[in-house]
Amino acid sequence: MTDLDRSGVPAHGALKISPVSFHKLSAVLTLTALVFAFSFGNDAFLTVNNGLTVLLQTSVIGLLGIGMTLVIITGGIDLSVGSVLALSGVVTGLSIKAGVPVGPAMALGVCAGAACGAFNGFVITKMRITPFVATLGMMLIARGLALQLTGAAPISRLGEAFGALGNGSLFRIVEDTGGIFPKVVFPGIPYPVILLALVALAAAYLLNRRQTGRHIYATGSNEEAARLSGVLVDRTKIFAYTLSGALAGLAGNVLMSRLVTVQPNEGVMYELDAIAAAVIGGASLMGGVGNISGTMIGAFIIGVLRNGLNMAGVSAFIQQIVIGFIVILAVFVDQIRNRR
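All values derive from a computational prediction rather than experimental measurement.

What counts as what
- Residues numbered from 1 in each chain as written.
- Predicted model: local features only at pLDDT ≥ 70, side-chain atom pairs only at ≥ 80, totals over all residues.
- Heavy atoms only, no water.
- Phe/Tyr/Trp six-rings, centres within 6.5 Å; stacked < 30°, edge-to-face > 60°.
- Helix = DSSP H or I, 4+ residues; strand = E, 2+ residues; numbered from the N terminus.
- Buried < 20%, exposed > 50% of the residue type's maximum accessible area, 1.4 Å probe, protein only.
- Salt bridge = Lys/Arg side-chain N within 4 Å of Asp/Glu carboxyl O.

**Let's talk about the packing of aromatic side chains**
Phase 1 of the analysis: What the rule picks out here adds up to 2 aromatic pairs.
Phase 2 of the analysis: Here Phe36 and Phe40 contribute two aromatic rings whose centre-to-centre distance is 4.9 Å and whose plane-to-plane angle is 70 degrees, an arrangement assigned as edge-to-face. Residue Phe36 and its partner Phe40 are located together in helix H1 (residues 19–41), separated by 4 residues, close to a single helical turn.
Phase 3 of the analysis: Its relative accessible area of 56% is what places Phe36 among the exposed residues.
Phase 4 of the analysis: Taking the relative accessible area as the measure of exposure, Phe40 reaches 64% and is therefore exposed.
Phase 5 of the analysis: Note on Phe38 and Phe45: the rings are 5.7 Å apart at their centroids and 45 degrees apart in plane angle, and the pair reads as tilted. Taken individually, Phe38 and Phe45 each receive the classification buried, so the pair is uniform in this respect.

Quick look at the structure:
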């Protein structure tokens, strides 16, 4: 007799929670505890403005984390997303300087990121180089290109339209008071947050409802079995890495637009935040396990943690130490789950 009947309820009346659901529940409880703790430490933590700040800070991590999740599920890793983010921003900035409108210029930046990801996938699948080494090489290549193309100098004076994506908001309500600055009644929903929500929904749909998503899970669970089952493993991996690069390019546009300046040095160590978001959210570095909702929770844990520690006056170096310990703990939990 099986443990579950046809309705999915334990046959013997005992409640059982899958390891993935348990991990996600733990992440939700951790996020709730962080919000509760930081709200006591500072009265401004639960204000609308600070909430929007957390959402804006999380949007870039979330976009990178979604792409990283897809790669990790296939059993790989992408260390190049931070450098690809910078290179994509540089391509966008140089395109605008060359007279290309902002929209097409940003599309070129995303395409540059996708090209970097496709190259990663090609090197991994066709040259049989491990993902760690392949993406480490791309990390150096992309960063070097970004610095070479700009002479390590920022690209500024890109126009107000360039800053609309990163600094604009939907449903913003202002009231004219007759003074120099209007009164902000409602700050609106930032465009990066809306973009993150749309990308997350699309990625979740891809993983859960499309054949490509099933192939991604199958590739990470057992590559040889997937190949024997007719899954085009190499094509699936290339697709995952290409999507990761494209999302890194999109994140680069969002970040540079917020700054209204292209900085070739941006994105350093961002790959670690992306990996942390995916792992904290339940993605297994062994492959075959992970989901977008968990990654979003992981991204918000990092965003809330950074914001709360900043408001508490904790240095950025201590923040890195804290997040490092959290990542180690998340991987340890994942190792225990795999043994069981």
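**Overview of the pattern of salt bridges**
Phase 1 of the analysis: Scanning the model with the defined rule gives 6 salt bridges in all.
Phase 2 of the analysis: Between Asp234 and Lys126 there is a salt bridge, with the nearest N and O atoms lying 3.6 Å from each other. Within this pair, whereas Asp234 is found in helix H10 (residues 233–259), its partner Lys126 is found in helix H4 (residues 102–126), the two being separated by 108 residues in sequence.
Phase 3 of the analysis: Judged by relative accessible area, which is 17%, Asp234 ranks as buried.
Phase 4 of the analysis: The closest approach of N and O atoms between Glu223 and Lys237, which form a salt bridge, is 2.9 Å. Note that Glu223 is positioned in helix H9 (residues 223–228) and Lys237 in helix H10, a separation of 14 residues in sequence.
Phase 5 of the analysis: Exposure remark for Glu223: the relative accessible area of 27% places this residue in the partly exposed category.
Phase 6 of the analysis: Because the salt bridges share partners, they merge into one network encompassing Glu223, Glu224, Arg227 and Lys237.

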